[in-house]
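Now for the letters of each chain:
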Amino acid sequence: MRSLLITALLLSAPLPVLAREATPRTDDTSWAFEKSDVPLDPDFRFGRLSNGMRYVIRHNATPAGTGVVRMEVAAGSLDESDAEQGYAHFVEHMAFNGSKRVPEGQMIPLLERDGLAFGADTNASTNFERTVYKLDLPRSDAKLLDTALMLMRETASELTISQGAIDRERGVILSEMRDRNTFGLRNAIDSTRFFYPQALYGRRFPIGTVATLNAANAQNLRAFYEREYVPAHVTLVVIGDFDAAEVEAGIQRHFADWTGATAELQPDPGPVDAKDRDRTGIWIDPALSERVVIQRNGAWMDEPDSVAQRREGLLRSIGYAVINRRLQRLSRNAEPPFRGAGFGTGDVFETARSTRLIIDSVDGKWADGLAAIAREYRRALAHGFSAAEIAEQLAQLRTSLVNAAGSANTRSNASLAAIALALVDDRVVPSTPASTLERFEGFAPTITPKAVLAALKREALALDKPLIRFEGRKAPEGGEQAIRTAWQRATRGPVPREDAQALTAFGYTDFGTPGTVVSDTRDPILGIREIRFANGVMLNLKPTQLEKDRIRVSLAIDGGDRLDTRDNPLATDMVNWLDKGGLGKHSRDDLDTIMSGHTLGFGLSNGASSFDAQTATTPRDLELQLQLITALLVDPGYRSEGEVQYRQQVNNSFAQLRATPASSLAADLGGIVSDNDPRFSLQPVEAYRHLTYAKLKQDIADRLEHGAIEVGLVGDFDGNALNEEKAIAMVARTLGALSARETAFRTYDSQPPRTFTADRSPRILRHTGAADQALLRLTWPTRDDSDPLDALRLELLERVVRIELTDSLREALGKAYSPSAGSALSHFWKGYGTFSINASVDVADVAASREAIAKVVRELGTAPVSEDVLQRARAPLAEAFQNALKGNAGWLSLVDRAQTQADRIERFSKARERLMTLTPADVQAMAQRYLDPAKGLEVLVLPEGVDVPKK
């Protein structure tokens, strides 16, 4: 069974993959459950057509009346020859450019007319091994499903792949290649080739090369398509609110007559030499934060999915988790040896496995980090783990499995589709969450520290004479030899056992006399229950059965960005890091241990006019979640380790500030638009470095103590564990027990207004990325969101502009991969809003792209758009409104401020009806009113040292 290669932290720099010249491997297209003792989830329906194509179907009603279709083709960049590099990805693009039944350029419009937004609901991706086509259907009616199946069949075998379409799409793909050419990708490619120098996959990154893409033509692209797109390579997944038998009949109808060539075996992504060792590499880029990776490679462990293998994998995962928990604890010290670190082992496809230690350090401190991680790694292997450490991990595992079992019947279509594809890709048998939990409970009593260590040692490779790679902004003094010597020094000598840490129970369970309810009503439109306590705290509840065993929680406290002033523009900048300081009685690290085995969220974010929190918990953990939130308000820890982590982030962010066009634009745009109003402008780095918790406390303590509070609860209140009255009582014992609060959120009208600069002269910014990357941004001032009709008109205009830009800049000219438009109307700054257009283009194409954008804007103001374009823009938006309350996230977006922003409920209830009344004339009127070409503010981001293109 395939496994993840290390943790998410370790995968922040992707591990490499391998070429057609390699020795072929056997492609097994049997179902993994046919030879496994893992009990199969009976609600999936599996099938295979006589031509070899496989399919997976499942009825599911979350969200109700919707569905998803996924078609996976077992053809990726590994299947390419040297001359075909990038062809798998090129074919993916051609799927949207014409087939026998769908003329070129009509697939996306066809779907948009049916309510599928390009990018959001209509998408595809290509990696080393496979290409996946994705449709998210807003309705589960038979006609739309038939259209989806027809389009997948067209993609599978009927693409026209005309030379004209190839020539037009080539520019889009080269634009995508240009946009992705960042310091992160360049580093990932070098990392892959360092650790796996002989591997095919290091020479087969899916984007391809300029030379091979320019050589693509109708003949060679079709040859790749017909060779790889064959029935035996394809699996179709359909999950949703459909009758499974009807779906199966539709698949038979569309795909049964498909014939194709015999499937070729995919080349091995290797080879990976297990004897490769004792090499050191250094990669320098001004934008890269410091990292050291210590790695050894070994043979792939072929472990088919079985109950025994899952037990072995569970033991290993606990061992890695304990070590990574120790490393996390070190990173949270007041004087941490590194910013972050990780240890793990994972597959490199089905050709090898790799064991890695990764250290993310403060610039220049790599040796300290290396010594610390080596000590913890060696300590674990020498002395193993404590019973308390194993218990913490078991508690977390048990909770995740209990939660999964509790919510099994309301899993989303997308998550079930992912489970089906995991069977195809990684041969993981889909079993029911209940059976997984039952097996865990039967195995858990045998999970001991000794068993965990033994399992970890059976998989993890010894890091003797390892491969070591350094990446960062500045090479280490002493170079490669210094790195190697530091590792050798770190692995010598004895390591003592770690003393167990005794922890107290959670110290925040009593907040005083429970509050009393003084008002209890329901809004007449959506039935949201609205409670007000005597201390002023507001509570809004909405029971739903959309997510079984889940409660979504929101919190809003008066404050947010509105506390930032011209004299004190960074008053709230550290709010997002408040949780890193823990609580007065518990450090953040201690809290993680105390709270293990519970489903909780912790922390505040900085909103436009409030400090906010949103999290998901369970009925049994709701009271603890409320206690944790309340404790953060009454007794933040303000520990120094949180300040340290904040400053580490500041230093790294500023070091990367000009690394890409997008980051450079983000840094300066606020200042440009606001005439350098410090409230909306990036400040000098020293201003951030000098921020402290003491200052944060001074700036926000009054709001935490006295500011208005509104709480939202959405979810499963109908069980024995929790009902509405119990939930109200829980809030009464926590937030409701606090001292009196302000009864309304402040307006902050005394603040100077937010304005849009009157200086519309073009601005030039610079970035330090690739020399061909330019970013063109146009921004217009609009209005606030107080008029619901105008807000809808502008949102519709935004979608129309996206369509027109895609049709012109992307499809017709091939100048930009993903041009975008956005309408942002402020709810809090009266009269303020913006409309923007972004296009990432080649430096050589700036003038042509500028003119193409200007043409779109001019035409929108001079003539109404066609009814067809209006339908393409409006239908996905209408479907979004129709489906918004089919999930708890949608409900929470209205419940969270149901009392203080009650107008949003009425606005939402009328939005779809209002939208359907809008006409091309409305779109034209908005363009005429706001998108005057002469009044737009142009900001052009260019590489350093490149001349400004002529108009």
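Definitions and cut-offs
- What you see as residue numbers is a count from 1 along each chain, following the sequence as written.
- Given that the model is predicted, a residue must reach a pLDDT of at least 70 before its local features are reported, and side-chain atom pairs must reach 80 or more before they are shown or counted; all residues, however, enter totals for whole chains, interfaces and linings.
- Think of the side-chain values as coming from all heavy atoms in the structure, minus any hydrogens and water.
- Secondary structure follows DSSP: runs of H or I at least 4 residues long count as helices, runs of E at least 2 residues long count as strands, and numbering of each begins at the N terminus.
- Throughout, radius of gyration means the C-alpha value; the globule benchmark is 2.2 Å times the number of residues raised to the power 0.38.
- When accessible area is computed with a 1.4 Å probe and restricted to protein chains, residues below 20% of their type maximum are described as buried, those above 50% as exposed, and intermediate ones as partly exposed.
- For this analysis, a polar contact is any N or O atom pair within 3.5 Å, provided that within protein one partner can donate a hydrogen and the other can accept it, and provided that sequence-adjacent residues contribute only side-chain to side-chain pairs.
- Here the expected length of a helix is defined as 1.5 Å per residue gap, with one fewer gap than residues.
- Residues count as neighbours in contact if any of their non-hydrogen atoms are within 4.5 Å of one another.
- Two strands are said to pair when DSSP picks up at least two bridges between them.
- Think of each axis as a best-fit line through the C-alpha atoms, taken over the contacting stretch in the case of a helix, with angles from 0 to 180 degrees between the N-to-C directions.
- Residues enter a nonpolar core if they are buried and are Ala, Val, Leu, Ile, Met, Phe, Trp, Tyr or Cys, with the set joined through side-chain atoms within 4.5 Å.
- An angle below 35 degrees is read as roughly parallel, one above 145 as roughly antiparallel, one from 65 to 115 as roughly perpendicular, and any other as oblique.
- We call a crossing left-handed when the near helix sits turned anticlockwise from the far one by less than a right angle, and right-handed when that turn is clockwise.
- Between 30 and 60 degrees the pair is tilted, below 30 it is stacked and above 60 it is edge-to-face, where a pair is any two Phe, Tyr or Trp rings, Trp via its six-membered ring, whose centres lie within 6.5 Å.
- Any residue outside Ala, Val, Leu, Ile, Met, Phe, Trp, Tyr, Cys, Pro, Asp, Glu, Lys and Arg is labelled polar, Gly included; the first ten of those are nonpolar and the last four are charged.

Okay, the overall build of the chain next. In terms of helices and strands, the chain carries 28 helices and 23 strands. In terms of C-alpha radius of gyration, the chain reaches 29 Å, essentially the compact-globule figure of 30 Å for 951 residues. With the C-alpha coordinates of the chain rotated into their principal frame, the extents come out at 80 × 75 × 60 Å. For the chain, with 951 residues in total, the buried portion stands at 58%.

Here we take up the side chain of Thr345. Of note, Thr345 is situated in strand β9 (residues 340–348). For Thr345, a relative accessible area of 7% gives the class buried. Side chain to side chain, Thr345 and Tyr320 meet in a polar contact 2.8 Å long. Of note is the side chain of Thr345, whose polar atom sits 2.7 Å from the side chain of Thr355.

A few words on helix α17 (residues 622–634). Relative to the 18 Å expected for 13 residues at 1.5 Å per residue, α17 spans 19 Å between its end C-alpha atoms, a close match to the ideal helical length. If you check which residues of α17 are buried, you get Leu622, Leu624, Gln625, Leu626, Gln627, Leu628, Ile629, Thr630, Ala631, Leu632 and Leu633. Contacts from the buried residues of α17 go to β15 (551–558), α16 (588–594), β17 (610–617), α21 (693–706), β18 (709–715) and α22 (724–733).

Looking now at the side chain of Thr212. Relative to the helices and strands, Thr212 resides in helix α6 (residues 210–215). Engagement of the side chain of Thr212 in a polar contact is seen with the side chain of Thr209, the distance being 2.8 Å. Discounting residues that sit within four places of it in the chain, Thr212 has contacts with Asp82, Ala83, Gln85 and Tyr87.

This next bit is on the sheet that holds β17. On the basis of which strands lie adjacent, the open sheet formed by 7 strands has the order β12-β13-β14-β18-β15-β17-β16 and mixed pairing. Among the strands making up the open sheet, the edge pair consists of β12 (517–522) and β16 (605–606). As judged from the 8 bridges shared by β15 and β17, these two strands associate in the antiparallel manner. The residue of β17 that forms the bridge with Arg552 is Ala616. This element, α22, spans β12, β13 (529–533), β14 (538–543) and β18 of the sheet and lies at about 30° to β13. Strand contacts of helix α26 (residues 888–895): β14, β15, β17 and β18, with the helix running at about 155° to β18, the strand carrying the most contacts.

With that settled, the discussion passes to the nonpolar core. Grouped together as the largest cluster of nonpolar side chains are 58 residues, with contacts concentrated most on Leu604, Leu622 and Leu713. Examining the composition of this core, we find that 8 residues originate from one element, α17, more than from any other. Each residue touching Leu604, except ones within four places of it in the same chain, is listed here: Leu555, Val575, Asn576, Leu578, Phe611, Asp612, Ala613, Leu632, Leu633 and Leu704.

Before going further, it helps to examine helix α10 (residues 366–383). Between its terminal C-alpha atoms α10 stretches 26 Å, which fits the 26 Å expected from 18 residues at 1.5 Å a residue. Of the positions making up α10, those classed as buried are Trp366, Gly369, Leu370, Ala372, Ile373, Ala374, Glu376, Tyr377, Arg378, Arg379 and Ala380. Phi turns positive one or two residues past the end of α10, at Gly384, with a value near 75°.

Across the 10 residues that make up strand β22 (residues 833–842), a large majority, 8, are buried. As judged from the 9 bridges shared by strand β20 (residues 773–781) and β22, these two strands associate in the antiparallel manner. Across the sheet, residue Arg777 finds its bridge partner in β22, namely Asn838. Bridge count between strand β21 (residues 820–825) and β22: 6 bridges; the pairing is antiparallel. By the bridge assignment for β22, Ala824 is matched with Thr834.

What follows concerns the packing of helix α25 (residues 867–883) against helix α27 (residues 903–917). When two helices pack together, their arrangement is given by the angle between the helix axes and by the axis-to-axis distance. Running from N to C, α25 and α27 point in directions that differ by 155°, and their axes come no closer than 10 Å. For the element pair α25 / α27, the angle class is roughly antiparallel. Between α25 and α27 lies a crossing whose hand is left-handed. Contacts between α25 and α27 involve Arg874, Leu877, Ala878, Phe881 and Gln882 on the former and, on the latter, Phe908, Ala911, Arg912, Leu915 and Met916.

Before going further, it helps to examine the packing of aromatic side chains. For the structure on display, the rule yields 22 aromatic pairs. Both rings, one in Tyr201 and one in Phe349, keep their centres 5.0 Å apart while their planes meet at 70°; by these two values the pair is edge-to-face. Taken together, the residues Tyr201 in the loop between α5 (183–195) and α6 and Phe349 in the loop between β9 and β10 (352–361) connect sequence positions 148 residues apart. Residue classification places Tyr201 among the buried residues on the basis of a relative accessible area of 0%.

On the basis of which strands lie adjacent, the open sheet formed by 5 strands has the order β7-β11-β8-β10-β9 and mixed pairing. Two strands lie at the open edges of the sheet, namely β7 (280–284) and β9, each paired on one side alone. Adjacent strand axes in the sheet meet at a mean angle of 15° when their direction is disregarded. Across the sheet, α10 lies against β8 (290–298), β9, β10 and β11 (467–472), angled at about 130° from β10, the strand it touches most. On top of the sheet, helix α15 (residues 479–490) reaches β7, β8, β10 and β11; it is set at about 125° to β7, its chief contact.

In this section: the packing of helix α1 (residues 87–94) against helix α7 (residues 218–228). Contact geometry of α1 with α7 gives a least axis separation of 10 Å together with a crossing angle of 95°. Viewed along their axes, α1 and α7 adopt a mutual orientation that is roughly perpendicular. Note on element contacts: α7 touches α1 through Asn220, Leu221, Phe224 and Tyr225, opposite Tyr87, Ala88, Phe90, Val91 and Met94. Taken together, the residues that form the contact of α1 with α7 break down as 8 nonpolar, 1 polar and no charged.

Looking at the secondary structure, you find Lys830 in the loop between β21 and β22. Lys830 sits in the exposed class, given a relative accessible area of 68%. In this structure, the C-alpha to C-alpha distance between Lys830 and Ala613, residues 217 residues apart in sequence, is 25 Å. Leave out the neighbours within four places in its chain, and Lys830 touches Asp749 and Asp784.

Before going further, it helps to spend a moment on unusual backbone geometry. Here the residue pair Thr62 and Pro63 is connected by a cis peptide bond, since its omega of -5° sits within 30 degrees of zero. Its place among the elements puts Pro63 in the loop between β2 (54–59) and β3 (67–73). Of note, the amide linkage connecting Gly270 to Pro271 takes the cis form, showing an omega dihedral of 10°. Along the polypeptide, Pro271 turns up in the loop between α8 (244–255) and β7. Located in the positive-phi region is Asp278, a residue other than glycine, with phi close to 60°. In this fold, Asp278 is placed in the loop between α8 and β7. Under the relative-accessibility criterion, Asp278 is labelled partly exposed at 42%. Here Asp549, not a glycine, exhibits a phi torsion of approximately 65°, which is positive.

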